[in-house]
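The lines below spell out each chain.
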Amino acid sequence: MAPSGSGSIRRRCQRVLYWIPVLFISIIICWSYYAYVIQLCIESMTNVGEKVVCLICYHMFFIMFVWSYWKSIFTMPMNPSKEFHLSYADREQLEREERGEAQQEVLRRVAKDLPIYTRTMSGAIRYCDRCQLVKPDRCHHCSVCDKCILKMDHHCPWVNNCVGFSNYKFFLLFLAYSLLYCLFITATDLQYFIKFWTNGLPDTQAKFHIMFLFFAAAMFSVSLSSLFGYHCWLVSKNRSTLEAFRAPAFRHGTDKNGFSLGFSKNLRQVFGDEKKYWLLPIFTSLGDGCAFPTCLVNQDPEQPSTPAGHNPTTKNIEGHPFPAKPLRESQSHLLGSAQSWTEAAGDEQKDKLGMNNPAMNIENET
């Protein structure tokens, strides 16, 4: 009982410590509100028109910034649906099998009817032994949350949450509005910051709030601009942070552009089809997080061209043809009728492939 009790206390302490970065950011936000609204606008600005305009604009940026930050923190990450979990019988059979080929055959049978097209680097079915499920495309196990997260981008300590399919739009808007918030403060505080060094401000506590406010806003602007620019580049390429560091592996091999559909469609996957909601922290991302449209690139150069009137086929790494499979109905509007998915060949071919390929072992990814 003692080890279990100590482990429980340790986990509780860790959960409390995880909130320290969020508490730090919250304190900075509250102080910046006091310093800008009270000390700068009300106490230091003498022009009434300037004061009104600054207060109105400031509160617009402040509301959008806090709203998107709140949604990034408290939107629960989405986990794989029940169809990706192994049944009790499948789990028992997987545990009984000792050979990697036999275990992989169990997983191939489970994943046969699932919309899964990515593999591990060795070509095996992506399986999480902690969650006991077949991982959907772009899904990864978070060691902090101890869960599999759909379209996981990264675990962010500043929001104490996993950034993934359910809240990536909110996180991106949080970066955008926090950058605009800091730039607005820097721009409107600049003239008073200069007055501080030229002794143009009255000798009150407001002058120190104005000085530190400018320094804090300017420094955060630099760091946020680089981070926001990086994530804008990721959105334009339809990649997650994890995929940027390690390209996803498909049947035909790794492909860093495997999920890229073109700039416009990549943007719509995150922000949705209705542009009027793009700037609001409201969930509008396309899809269900378990299946994603993909473009089939890096085809086998030796693959013969498809005759007219026939369905195209692709090849896996062993040269076996895979009949084309159309997109789900909910995803077809992203790619159009020209794109297609690939699925596994018949059971006989898969059995042969599993026995002949020694690399087809269970490979757990975190």
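Residues numbered from 1 in each chain as written. Predicted model: local features only at pLDDT ≥ 70, side-chain atom pairs only at ≥ 80, totals over all residues. Heavy atoms only, no water.

**With respect to the UniProt feature "transmembrane region" (unreviewed entry) in the protein**
The positions that UniProt labels "transmembrane region" (unreviewed entry) are, in the present scheme, residues 16–36, 48–70, 170–188 and 208–230. Helix makes up 100% of residues 48–70 and strand 0%. Its end C-alpha atoms lie 32 Å apart. End-to-end, the C-alpha atoms of residues 170–188 are 27 Å apart, and along that stretch the chain is 100% helix and 0% strand. (UniProt positions renumbered as here; feature names shortened; annotations may be inferred. Helix = DSSP H or I, 4+ residues; strand = E, 2+ residues; numbered from the N terminus.)

**What about the pattern of salt bridges?**
Inspection of every chain in the model, using the stated rule, returns 6 salt bridges. When the shortest N-O distance is used, the salt bridge between R108 and E105 registers 2.6 Å. With R108 and E105 both in helix α5 (residues 100–111) and 3 residues apart, this pair spans about one turn of that helix. Of the charged contacts in the structure, one is a salt bridge between R138 and E243, with a shortest N-O distance of 2.8 Å. A residue pair is termed long-range when its members are at least 10 positions apart, and R138 in the loop between β3 (133–134) and β4 (140–142) and E243 in helix α8 (residues 241–245) qualify at 105 residues. Residue R138 is classed as buried on the basis of its relative accessible area of 3%. (Salt bridge = Lys/Arg side-chain N within 4 Å of Asp/Glu carboxyl O. Buried < 20%, exposed > 50% of the residue type's maximum accessible area, 1.4 Å probe, protein only.)

**Focus: α5**
In this model, α5 (12 residues) spans 16 Å end to end at C-alpha, consistent with the 16 Å of a helix rising 1.5 Å per residue. Judged by how many residues are buried, α5 sits mostly within the fold: 9 of 12 residues are covered. Residues G100, A102, Q103, Q104, V106, L107, R108, V110 and A111 constitute the buried set of α5. (Expected span 1.5 Å × (residues − 1).)

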